[in-house]
Amino acid sequence: MKTIYRLGIDIGGTFTDALVMDNHGRVIAALKTPSIAAAPEQAIFNALDQLKQSGVDLHEIDLFVHGTTLGVNTLIERNGAVTGLLVTKGFRDILEIRRLRLEDTTNLYGDKTDALVPRHLVKEVHERTLANGNILQPLNREQLLQVVDELVEEGITALAISFLHAYVNPAHEQLAEELIKERHPHLFLCRSSAIWPQQREFERTLATAMNAYVGERMGSYFLRLQEGIGAYSLKANLLSTMSNGGIMTAARAAKEPVRTLLSGPASGVIAATHIAEQAGIRQVITFDMGGTSVDVALIDNEPAYSTENKVGDFPVIIPAVDVTAIGAGGGSISWLDSVGVLKVGPRSAGANPGPASYHRGGEEPTTTDAYLQLGILQADRFLGGQMRLHPELAERALGNLGERLGLSPTQTAQAILDVATANMYAQFSPLMARKGVDPRDFTLLAYGGAGPMHAFLMAREVGIRRVLIPPSPGTLCAMGCTVANLRNDFVHTLHKSSQTLEPGELANLYTRLEDQGRSWVEEEARGGVKLKQIYCLYSADMRYEGQAFDLEINLTSEEIVDPEKARNKFHEFYQNVFGISQPEADVMFVSLRATIVGILPTQSTASPAELPFDESEAEERIITFDHQQQTAKVLKRGQIPLDMPIHGPIIVEEYDTTIFIPPGFTVYRDGYGNVIGEVEQ
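Criteria and thresholds
- Starting afresh in each chain, residues are numbered from 1 along the sequence in its written order.
- Under the rules for a predicted model, residues below a pLDDT of 70 receive no local features and side-chain atom pairs below 80 are neither given nor counted, while totals for whole chains, interfaces and linings still include all residues.
- Hydrogens and water molecules were not included; the side-chain quantities draw on all heavy atoms of the structure.
- Put plainly, a pocket is an open set of points on a 1 Å grid over the protein atoms alone with protein on both sides within 12 Å along at least five of seven lines, a cavity is a set where a 1.4 Å probe fits but cannot get out, and a lining residue has an atom within 4 Å of a point.
- Grid points are joined across faces, edges and corners, and a volume is the space filled by probe spheres set on the points.
- A run of DSSP states H or I qualifies as a helix once it reaches four residues; a run of E qualifies as a strand once it reaches two. Both are numbered from the N-terminal end.
- Within this document, salt bridges are pairs made up of a side-chain nitrogen of Lys or Arg and a carboxyl oxygen of Asp or Glu, the two lying within 4 Å of each other.
- For each residue, the accessible area found with a 1.4 Å probe, counting protein chains only, is set against the maximum for its type, and the residue is called buried under 20%, exposed over 50%, and partly exposed in between.
- When the centres of two rings from Phe, Tyr and Trp lie within 6.5 Å, Trp using its six-membered ring, the rings pair. Their planes under 30 degrees apart give stacked, over 60 give edge-to-face, and anything left gives tilted.

> Help me understand empty space enclosed by the protein in this model?
One water molecule sets the probe size; rolling that probe over the atoms shows where empty space is left. Scanning the entire structure with this criterion turns up 3 cavities of 30 Å³ or more. Reported here for the largest cavity is a volume of approximately 50 Å³. Taken together, Val87, Thr88, Phe91, Ile94, Ser162, Phe163, Leu164, Glu201, Arg204 and Thr205 make up the lining of the largest cavity. Secondary-structure elements contributing two or more residues to the lining of the largest cavity are strand E5 (83-88) and helix H7 (201-229). Looking at the lining of the largest cavity element by element, the count peaks at 3 residues for H7.

> Mind showing me how you'd approach the layout of surface pockets here?
Its volume calculated, the second largest pocket comes out at about 530 Å³. If you go around the second largest pocket, you meet 25 residues; those closest to its centre are Ser193, Pro197, Phe490, Val491 and Gln516. Listing elements by their share of the lining of the second largest pocket, those giving two or more residues are helix H6 (192-195), strand E25 (486-497) and helix H15 (505-525).

> In this structure, what is going on with the pattern of salt bridges? I would like to understand it.
Charged atoms that come close allow side chains of opposite charge to pair. Under the definition given, this model contains 32 salt bridges. Glu177 is the partner of Arg191 in a salt bridge, and the nearest nitrogen-oxygen pair spans 2.9 Å. Of this pair, Arg191 sits in strand E10 (residues 188-191) while Glu177 is found in helix H5 (residues 171-183), placing the two residues 14 residues apart along the sequence. Owing to a relative accessible area of 15%, Arg191 belongs among the buried residues under this scheme. Note that Arg593 and Asp541 form a salt bridge whose closest N and O atoms lie 2.8 Å from each other. Residue Arg593 is found in strand E28 (residues 587-599), and its partner Asp541 is found in strand E26 (residues 533-544); the two are separated by 52 residues along the sequence. Where salt bridges share partners, they join Arg252, Glu256, Arg259, Glu523 and Glu524 into one cluster.

> What is the right way to read the packing of aromatic side chains from this model?
When we look at a pair of aromatic rings, we describe it by the centre distance and by the angle of the planes. Per the stated rule, a full pass over the model turns up 10 aromatic pairs. With a centroid separation of 6.3 Å and an interplanar angle of 25 degrees, the aromatic rings of Phe45 and Tyr232 are classed as stacked. Of this pair, Phe45 sits in helix H1 (residues 40-53) while Tyr232 sits in the loop between H7 and strand E11 (238-241); the two residues are 187 residues apart in sequence, bridging distant segments of the chain. The exposure class assigned to Phe45 is buried, which follows from its relative accessible area of 11%. Look at Tyr232 and you get buried, because its relative accessible area is 14%. When the ring of Tyr221 is compared with that of Phe222, the centres are 5.2 Å apart and the planes differ by 55 degrees; the resulting orientation is tilted. As far as the burial class goes, Tyr221 and Phe222 line up, both buried. An aromatic cluster of at least three residues, connected via ring pairs, comprises Tyr544, Phe570, Tyr574 and Phe578.

In structure tokens, the structure reads:
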């Protein structure tokens, strides 16, 4: 059978990862190349050049999926398009007022987040739609065009439209869009009823403003990327990952970039789900440590999703894989605060200048420098020997910091690891408590360039008994691109009690949502994606009448047809969450949700034990850990015995990462090449 390839590329803040899988599910190439912030597409071209040089036939790639942090970085760095916003008369301050909640409830003097669109670029439009969809005041076309002309004169290049109650009747937004396109065709234009038609005016308006803010930049990026990959004669159409763990065409991503903001972390979680399922593990906590941050997510058979994620200072209402940042990454800078206390992060050295040991101008010590000083990292084996580290520069940077602490460079390095781990623990434990899980029941699945190096330290601190390191952990987010499916979310605001629902109303509304989803999948599939199956998942945001917060309840087809069964399911779920319920009380169906999933053809599973046991003699290295010198075995993954535990300390050196197994853990390799460490009995 002819070999067909899938290519996944993930652009991170420090490195761009590329991974190629064949039609048997085997990883045949994986590489990392430095990201280029000024021109992120150039890192992709560099990766394609390296793949070509390594013997990969780019003409045989039939699926090319990539994820990028360009959108989220644009929001965080506030360097997007000059954006205008049109709102209903009387609602000019919707982005300023927000939800009137303190960001930090214990700090009465916290700074208010600056609105994404400044007030002088927000214009009121004379129109009004009621909550039931009826038109109270028709759209004033002349006044609309007048305020748009004023915004264009002020220099806007992108425009968001968010009118009151457009989620139930989008007629005014649609008409405004048509009129503005005719008058100013150069504007990047988007409307809230097309981006996310849900009640919650602030979140809907903010999502639309975000889309406009990053859309122009993302569109030009995709255009440059599409033109550039044309020189490589790739037959596969370009696809992009989404925040919900799915994929869509790059053309769609350029129009709706707000759906891609959290796609990088989501891709890693999707790949981790694939790895865990293959290994027969149901409950997993992912631990993704890159150059800038540490992200964690829960997988209990499937990933958890959330509509309360944040990007920088902004809440994102559109569903996404539930990923939380809990600490600093391998490139995080160590420093002393005003009273001389050692801190690690959140500032990162990035890829350029990078850690002091990169010899690119960085002079402040990072977590990577600490690992190098302790002997856990080997200077001439970083990135498979392609990038040499400089121990003398790491020692000098650690020494400068250590002088102020009264510590030697080696003691400072250990202190940096201790502080970094303590920071993670301080955020990890309350996070698990809020999610209602005991992390000791879960397996820690670590990936990212620095995740396998720090995962056992984190597990030791938290009490997790098992750690899994998948093959190619440094490029796992890129693998997520290759195993993801088409997936999109649709919502309808209903806001009706179970007592006032018309017979068959719920089923009819879900049918309408599913029809929207199937139309979307068919349109995306025309971009060259072959599908094996299409199915739909249903849920509803529900609450007791009079409450202010919702619970999302997954529903079956049977429960949709019989709302009373859906109502009973809500009572049971409420009882499980809060320990109390009110079966006699009426239940509100606030929003209906449908998730459409288009399954790509399944790749055959890689055969177990395809990585043969390497019987070559293990190396040994003197390291300093826990303030004492120790002798560690230095192995390759293939030298770890199959299903036969060996004792730490062990260092496993790979191209894309280094795995560190400290004393107190044993480690073995399973049939799929996963390195699995467990607490010594």
